[in-house]
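Here is what each chain is made of, one letter per residue.
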Amino acid sequence: MRPTTKSRSPCRLPAYLSHQLELTLIGYPPASRATSARARPGDASPCPTEAWRRDQRTEPCGYPGVVSMLHPVLDVLAQAPILTVFLVIGLGTAVGQVPLGPIRFGAAGALFVGLAVGALDPRLGANLSLLRSLGLALFCYTVGLAAGNTFFRDLRRQLPLMALCVVALVLAGGVGGLYSHLTGVSPAMDSGAYAGALTSPVLDAAIEAAGTQEPAVGYALAYPVGVAVAILIVAGVVGRSWPGRRDPRPASADGITATSVYLLQRVALGEMEAFKEGRIRISYLERDGDTRVVAPGEELLPGDKVVIVGAPAAVESAMHDLGTGLNKCLAKDRSVVDFRRLTVSSTRVAGRTIAEVDMPGRFQGVITRVKRGDLDLLAREDLVLELGDRVLAVVPSDELEKAADWFGDSERSIAQIDAFSVGIGMALGVLVGLVAIPLPGGITLRLGVAAGPLVVGMVLGWVGRTGPFVWGLPHAANATIRQLGLLFFLAAIGLASGPDFAASAFSTTGLKVGALAALIVVVNAIVLLAGARWAGVSAQRAAGGLAGLVGQPAILAFALSKRDDERIEAGYATLFALAIVVKIVMVQVLVAL
């Protein structure tokens, strides 16, 4: 037992402050939380000020002040990692909603809260590698599924962005290496900072090349700086509109409108340029008092009345080419021709294009719009339908229920996911990530649990379906799984990196590495964004590309929260896997400098 005195008063404030100063002057670090047992009488005191503490009747050697009061709480959190993770996610989400000037960090708040909580006790971030990998794999796979079709459709348009990505990463590595040489940062620390600033899963390659854990310290210091700087840059870019001659705005960006038109000239739909290119759709046709759905290849005659659907500019142009606007809306009369939003919940429809569904042949009707999430898309013939899409079908009134049965039209069905397709797709992605590809110079390339699922997800999203198996997910399910995966990943990596970050963040080395991380991100942003603007790539695709180059899911989530544009996801998916390949090579080059 500890000796007692007749009068036992708690430590007064001046004495506590004196103790804090003494600890600082002698350079004594707080005791490791991994060994939190109290010192027993007779043991050699590991703390130089144990006698002082005993005299003051304070706690045994350990975290002084407020942190020592958290011992019981930290012990509970260390024994219940799931509790810790969800606590970080909850608090991080709240922090991410706090406005900092014009921006909110959103999901990235989980990373910053994870760093703060993880710094309290190294045990809190232990054994979370599986959760981190699972969250990252789920996020990347669902991004790939959502962006795959757009990526392959616009592949030629993406080539300038891909070339700029390689140039930016190499140049940023060179500038960072020069800065490290001038400021005394070691090559191993530089390689870790490069991986951390670009938040990429290539830290293992840097550690293996360096032969020490020094890159891990640089990674922990640079990671939050890279996230914060990149989000600030994306916030200033994603809402801009600069000339994008090679990357026009998608029709969904301007919304979809419908206009009734009175024709003044004869025209065959097959010869109408706007109709052939999929810029407009035509649904209702009234001729000589009879109303029906227009047929493919129909020849429109002077005096006909039709409904034209498309982006406002395209509809306006078509109306001037064909005739003049009507004061009445043909779609108000639903006695002969009717329309309804039908939910795609049937696997026989999902994964097929609008042309393959063959509405004119099956139901003498037409699909004019597709609602996907918050986007209202024009129903182009090559648009692939996904589970959860809500199509606007225009059909004869007596065919409407048959069309509803064909599409499924069940909200309950799309609330469930196909576990078989998700499981097989994820397994293929992880398997691809494990494949080792030897490169010149003794370098081995592995895509890992990030780029592997992303690449496989993109391919499966492009394929759509294989026989009876539909690879896509309903939009709501995709967004939910993606958000959960992102939050698990950020919480886990924050908790694991917290101790290293706290140990060096406010030292001279920490400040040098923080500046290095900011420099690396800024150089990449300048090269990529300036080059994208010069090459005629839109600001939205360039912002998504920067998020993919940096490799941080939180940046993509932030960009999408500011602008719901399919080009952002396509830009991210385009550069994410390519950037990982370049980074794997670069971190090993930087270690060797």
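These notes cover the structure that comes with them.

Regarding the overall build of the protein
The helix and strand inventory of the protein stands at 24 helices and 15 strands. For the protein, buried positions account for 50% of its 593 residues. The contacts of the protein with a sequence gap of at least 6 include a subset with a gap of at least 24, amounting to 81%. Summed over all atoms, the accessible surface of the protein reaches about 26,900 Å², with 61% contributed by carbon and sulfur.

Quick word on helix H19 (residues 448-463)
Helical geometry: 3.6 residues make up each α-helical turn, so side chains three or four residues apart lie on a common side. In this model H19 runs 22 Å from its N-terminal to its C-terminal C-alpha over 16 residues, within 8% of the 22 Å that 1.5 Å per residue would give. When we look at burial in H19, the residues that qualify are Ala450, Ala451, Gly452, Pro453, Leu454, Val456, Gly457, Met458, Leu460 and Gly461. Buried residues along H19 sit against helix H7 (129-153), helix H18 (419-434) and helix H24 (566-592). Two residues or fewer past H19, Gly464 is found with a positive phi of approximately 85 degrees.

Notes on the pattern of salt bridges
Here the idea is simple: oppositely charged side chains can pair when their charged atoms come close. Per the stated rule, a full pass over the model turns up 19 salt bridges. Close ionic contact of Arg287 with Glu298 constitutes a salt bridge, the shortest N to O distance being 4.0 Å. Highlighted residues: Arg287 in strand S3 (residues 280-287) and Glu298 in the loop between strand S4 (290-293) and strand S5 (299-300), separated in sequence by 11 residues. For Glu298, a relative accessible area of 11% corresponds to the buried category. The partner of Glu401 in a salt bridge is Arg340, with the nearest N and O atoms 2.6 Å apart.

A few points about the pairing of strand S10 (residues 375-378)
The side chains of a regular strand alternate, first on one face of the sheet and then on the other. Neither face of S10 is left uncovered, since the one carrying Leu375 and Leu377 and the one carrying Asp376 and Leu378 both have all their residues buried. As paired elements, strand S9 (residues 366-372) and S10 share four bridges and run antiparallel to each other. Each bridged residue has a counterpart across the sheet, and for Arg372 the counterpart in S10 is Leu375. From the end of S9 to the start of S10, which pair antiparallel, there are two residues, and Gly373 there has a positive phi angle of about 65 degrees.

What to know about the sheet that holds S10
Taken together, four strands build an open sheet; the order of strands is S8-S11-S9-S10 and the sheet is antiparallel. Every interior strand has two partners, whereas the edge strands, strand S8 (337-343) and S10, have only one. Within this sheet the neighbouring strands show an average axis-to-axis angle of 25 degrees, counted without direction.

Comments concerning a nonpolar patch on the surface
On the surface, a cluster of nonpolar side chains totalling about 550 Å² of accessible area is made up of Phe420, Ile424, Leu428, Leu431, Leu434 and Phe469. If you tally residues by element for the nonpolar patch, the top one is H18, at five residues. Relative to the elements of secondary structure, Leu431 occurs in helix H18. Residue Leu431 is classed as exposed on the basis of its relative accessible area of 53%.

The rules we used
Residue positions are given per chain, counted from 1 along the sequence in the order it is written. Where totals are concerned, whole chains, interfaces and linings use all residues; where local detail is concerned, this predicted model gives features only for residues with pLDDT of at least 70, and gives and counts side-chain atom pairs only at 80 or more. Hydrogens and water are ignored here; the side-chain numbers use all heavy atoms of the structure. Each helix is a run of DSSP H or I of at least 4 residues and each strand a run of E of at least 2, with the numbering of both proceeding from the N terminus. Any residue under 20% of the maximum accessible area for its type is buried, any over 50% is exposed, and the rest in between are partly exposed; the area is computed with a 1.4 Å probe on protein chains only. Contacts are assigned to residue pairs with any non-hydrogen atoms lying within 4.5 Å of each other. Residue burial considers only the protein chains on display, and all accessible areas are found by Shrake-Rupley using a 1.4 Å probe. Helix span, expected: 1.5 Å multiplied by one less than the number of residues in the helix. Counted as salt bridges are all cases of a side-chain nitrogen of Lys or Arg within 4 Å of a carboxyl oxygen of Asp or Glu. For two strands to pair, DSSP has to find at least two bridges joining them. Angles run from 0 to 180 degrees between N-to-C directions of axes, and those axes are lines fitted to C-alpha atoms, restricted for helices to the stretch in contact. Patch definition: residues with relative accessible area over 30% and no salt bridge; like charges joined within 9 Å; nonpolar side chains (Val, Leu, Ile, Met, Phe, Trp, Tyr) joined within 5 Å.

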